[in-house]
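Listed here are the chains, written in short residue letters.
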Amino acid sequence: MKPSGSLLLLVSVAYLFLFADAVSHGGSQAFCSNYEKIATDGKPCPKMGKPVCGTDGKTYHNPCEFCKAAMEKSRKLGFKHDGKC
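Residues numbered from 1 in each chain as written. Predicted model: local features only at pLDDT ≥ 70, side-chain atom pairs only at ≥ 80, totals over all residues. Heavy atoms only, no water.

1. Considering the state of the cysteines
- Tallied over the entire structure, the rule returns 3 disulfides.
- With a sulfur-sulfur separation of 2.1 Å, Cys45 is cross-linked through a disulfide to Cys64. Disulfide Cys45-Cys64: the torsion about the S-S bond is -75 degrees, which places it as left-handed. Linking Cys45 in the loop between α2 (36-41) and β1 (52-54) with Cys64 in helix α3 (residues 63-72), this pair joins segments that are 19 residues apart in sequence.
- Overall, the relative accessible area of 7% leaves Cys45 in the buried class. (Disulfide = S-S within 2.5 Å. Helix = DSSP H or I, 4+ residues; strand = E, 2+ residues; numbered from the N terminus. Buried < 20%, exposed > 50% of the residue type's maximum accessible area, 1.4 Å probe, protein only.)

2. Side note on the sheet that holds β1
- Strand order across the open sheet formed by 3 strands is β2-β1-β3, with antiparallel pairing between neighbours. Two strands close off the open sheet at either side, each with one partner strand: β2 (59-60) and β3 (79-82). (Pairing = 2+ DSSP bridges.)

3. A short note on the pattern of salt bridges
- Tallying each qualifying case throughout the model produces 1 salt bridge.
- For Asp56, the salt bridge goes to Lys73, with nearest N and O atoms at 3.3 Å. With Asp56 in the loop between β1 and β2 and Lys73 in the loop between α3 and β3, this pair connects stretches of sequence that are 17 residues apart. (Salt bridge = Lys/Arg side-chain N within 4 Å of Asp/Glu carboxyl O.)

4. Re the nonpolar core
- Cys32, Tyr35, Cys45, Val52, Tyr60, Cys64, Phe66, Cys67, Ala69, Ala70, Leu77 and Phe79 together form the largest nonpolar core, which totals 12 residues.
- Among the elements that line this core, the one with the most residues is α3, at 5 residues. (Core = buried A, V, L, I, M, F, W, Y, C linked by side-chain atoms within 4.5 Å.)

5. Considerations on the confidence of the model for the protein
- Residues of the protein with pLDDT of at least 70 account for 62%, and the chain-wide mean is 74.
- Note on residues 13-25: pLDDT is under 50 here. Beyond four places in sequence and across chains, it has 5 contacts. (pLDDT = per-residue confidence, 0-100. Contact = heavy atoms within 4.5 Å.)

6. Let's talk about the packing of aromatic side chains
- Applying the stated rule across the entire model yields 2 aromatic pairs.
- Residues Tyr60 and Phe66 carry aromatic rings whose centres are separated by 5.8 Å and whose planes lie at 70 degrees to one another, so their mutual orientation is edge-to-face.
- Aromatic ring contacts, followed pair by pair, group Tyr60, Phe66 and Phe79 into a single cluster. (Phe/Tyr/Trp six-rings, centres within 6.5 Å; stacked < 30°, edge-to-face > 60°.)

Here is the structure:
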């Protein structure tokens, strides 16, 4: 592989990782738009058992609980993945 091809590949892979990280952190805002009314009204979240892992390393019982925590933290909490951390 030519040096310019290697550099292009390296830059592409670095961009992919940076983009994926930005989506995982910023994605919680779009993800939480479904739960904003519940969080702002102070209503309890539905009792569904669908664990969500946050970027703080904590497992939340469901997406609604995660979003309530994210809104309390001024959206500085990001979505890491579905399931337990």
